[in-house]
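Residues per chain are reported as follows:
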Amino acid sequence: MSSPSRIAVLASGRGSNLQAIVDAIAAGQLDAEVVAVLSDKPDASALLKVAPERRWARLPKDFADRTAFDAALGDALEGFAPDWVVCAGYMRILGEAFVQRFSGRLVNIHPSLLPLYKGLHTHARALAAGDAEAGASVHFVVPELDAGTVLAQARVPVLPGDSAERLAQRVLAVEHPLLIASLHWLVAGRVAERDGQLHADGHPLFSPLRLDCAGQLNR
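Residues numbered from 1 in each chain as written. Predicted model: local features only at pLDDT ≥ 70, side-chain atom pairs only at ≥ 80, totals over all residues. Heavy atoms only, no water.

Participant: Mind showing me how you'd approach the environment of Ala 46 here?
Facilitator: As for its placement among the helices and strands, Ala 46 is situated in the loop between β2 (32-39) and β3 (55-57). Classification of Ala 46 by relative accessible area gives buried; the value is 0%. For the pair formed by Ala 46 and Leu 209, sequence separation is 163 residues and the distance between their alpha carbons is 28 Å. (Helix = DSSP H or I, 4+ residues; strand = E, 2+ residues; numbered from the N terminus. Buried < 20%, exposed > 50% of the residue type's maximum accessible area, 1.4 Å probe, protein only.)

Here it is in structure tokens:
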């Protein structure tokens, strides 16, 4: 039997997506282990979800510049020897050198149906545009913000009278199963990105995988 995949998580906050990963591993739903949690905020509660020896956190302001912080983060991350690096609520933009260092094994979950609404305030922007649907995307990270190949998406309806807060809660409810389902495909080797093209089970896909009501990804 192969060893569980080694997952490192970058997080800046409470770590709800990280907790979903931990819970899925404990339930036997994901053949992986969380080998590290790294943060740009030493007081982030996400850090408390793993043992002290699996934590790394530094304040960016303690470094000369962004490049120096990214280099320290990358060196620490490399030391944990991850197979996959998951940005789960990591609120700091990663520099090009860092992204290239971990290219192909660095993924992010973003609360919109990419390529719509890259960056912040995604739910308010979806409402302002009058969209009928919103959702979340798991994508490979590239130097351009939220521009990498989308692996999978989950969709929710925008309801009459929705506020950004209500819509955010409904999207969050699908973020966790979307992330777990995506990681399941990744650690099983079923999906990969090659030169901007998504491949699943060895075949190119021209649209992202979609999460169904049973929490499974479908083509």
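Picking up where we left off.
Participant: Sorry if this is basic, but what is going on with the nonpolar core here?
Facilitator: Where a protein is soluble and globular, its nonpolar side chains tend to be buried together. In this structure, Val 9, Ile 21, Val 86, Leu 151, Leu 178 and Leu 217 are the most contacted members of the largest nonpolar core, which totals 47 residues. With 10 residues, the top contributor of residues to this core is helix α5 (residues 164-187). Ignoring anything within four residues of it in the chain, the contact list for Leu 217 reads Leu 151, Ala 152, Leu 178, Ala 181, Ser 182, Trp 185, Leu 209, Arg 210 and Leu 211. Core analysis: the second largest hydrophobic core is formed by 20 residues, Leu 10, Ala 36, Leu 77 and Leu 94 among them. (Core = buried A, V, L, I, M, F, W, Y, C linked by side-chain atoms within 4.5 Å. Contact = heavy atoms within 4.5 Å.)

Participant: Looking at this structure, I do not really get unusual backbone geometry. What am I missing?
Facilitator: Leaving glycine aside, a negative phi is the common case for residues, and trans is the common case for peptide bonds. The omega angle of the peptide bond from Leu 114 to Pro 115 is 15°, so this bond is cis rather than trans. Residue position: Pro 115 is located in the loop between β5 (106-110) and α4 (122-128). Even without glycine at this site, Ala 81 takes up a positive phi of about 50°. Mapped onto the elements, Ala 81 comes out in the loop between α2 (66-79) and β4 (84-87). Its relative accessible area of 42% is what places Ala 81 among the partly exposed residues.

Participant: Honestly, the sheet that holds strand β10 (residues 203-205) in this entry has me stumped. Any pointers?
Facilitator: Strand pairing within a sheet occurs via backbone hydrogen bonds; the two strands may be parallel or antiparallel. Spatial ordering of the open sheet is given by β8-β9-β10, a layout of 3 strands whose pairing is antiparallel. The two strands at the open ends of the sheet, each matched to only one other strand, are β8 (191-194) and β10. Sheet twist, expressed as the average angle between the axes of neighbouring strands with direction ignored, equals 40°. Of the strand pairs in this sheet, β8 and strand β9 (residues 197-200) are connected by 4 bridges, and their pairing is antiparallel. Note on β9: the bridge partner recorded for Ala 192 is His 199. (Pairing = 2+ DSSP bridges. Axes fitted to C-alpha atoms, helices over the stretch in contact; angles between N-to-C directions.)

Participant: I'm lost on the pattern of salt bridges in this one. Help?
Facilitator: If the charged atoms of two oppositely charged side chains come close together, the side chains can form a pair. All chains considered together, the criterion is met by 10 salt bridges. Between Glu 133 and Arg 155 there is a salt bridge, and its shortest N-O distance comes to 3.0 Å. You can see Glu 133 sitting in strand β6 (residues 133-140) and its partner Arg 155 sitting in strand β7 (residues 150-157), a full 22 residues away along the chain. The partner of Asp 201 in a salt bridge is Arg 190, and the shortest N-O contact between them spans 2.7 Å. (Salt bridge = Lys/Arg side-chain N within 4 Å of Asp/Glu carboxyl O.)

Participant: In this structure, what is going on with the environment of Ala 97? I would like to understand it.
Facilitator: Summarising the element assignment, Ala 97 is placed in helix α3 (residues 96-101). Sequence spacing of Ala 97 and Gly 74 is 23 residues, and the spatial spacing of their C-alpha atoms is 9.3 Å.

Participant: Looking at this model, I keep getting lost on α5. Mind explaining?
Facilitator: When the terminal C-alpha atoms of α5 are compared, their 33 Å separation across 24 residues agrees well with the 34 Å that a helix rising 1.5 Å per residue should span. Once α5 finishes, Gly 189 follows within two positions and takes phi at roughly 75°, a positive value. (Expected span 1.5 Å × (residues − 1).)

Participant: Just checking my understanding: could you explain the packing of helix α1 (residues 16-26) against α5 for this structure?
Facilitator: Two measures define how a pair of helices packs: the angle their axes make with one another and the distance between the axes. Contact geometry for α1 and α5: axes closest at 10 Å, N-to-C directions at 50°. Between α1 and α5, the angle is such that the two are oblique. Between α1 and α5 the crossing geometry is right-handed. Together, Ser 16, Asn 17, Ala 20, Ile 21 and Ala 24 of α1 and Leu 172, Glu 175, His 176, Leu 179, Ile 180 and Leu 183 of α5 make up the contact between the two elements. Grouping the constituent residues of the contact of α1 with α5 by class yields 7 nonpolar, 3 polar and 1 charged. (Parallel < 35°, antiparallel > 145°, perpendicular 65-115°, else oblique. Left-handed = near helix turned anticlockwise from the far one by under 90°. Nonpolar A, V, L, I, M, F, W, Y, C, P; charged D, E, K, R; others polar.)

Participant: Before we go on, may I ask you to explain the sheet that holds β4 in this structure?
Facilitator: Judged by pairing direction, the sheet is mixed, and its 9 strands sit side by side in the order β3-β2-β1-β4-β5-β6-β7-β11-β12 without closing on themselves. Single-partner strands in this sheet number two, and they are β3 and β12 (217-218). Of the strands in this sheet, β1 (5-10), β2, β4 and β5 are in contact with α1, which crosses β2 at around 160°. Sheet contacts for α5: β1, β4, β5, β6, β7, β11 (209-211) and β12; angle to β7, the most-contacted strand, approximately 150°.

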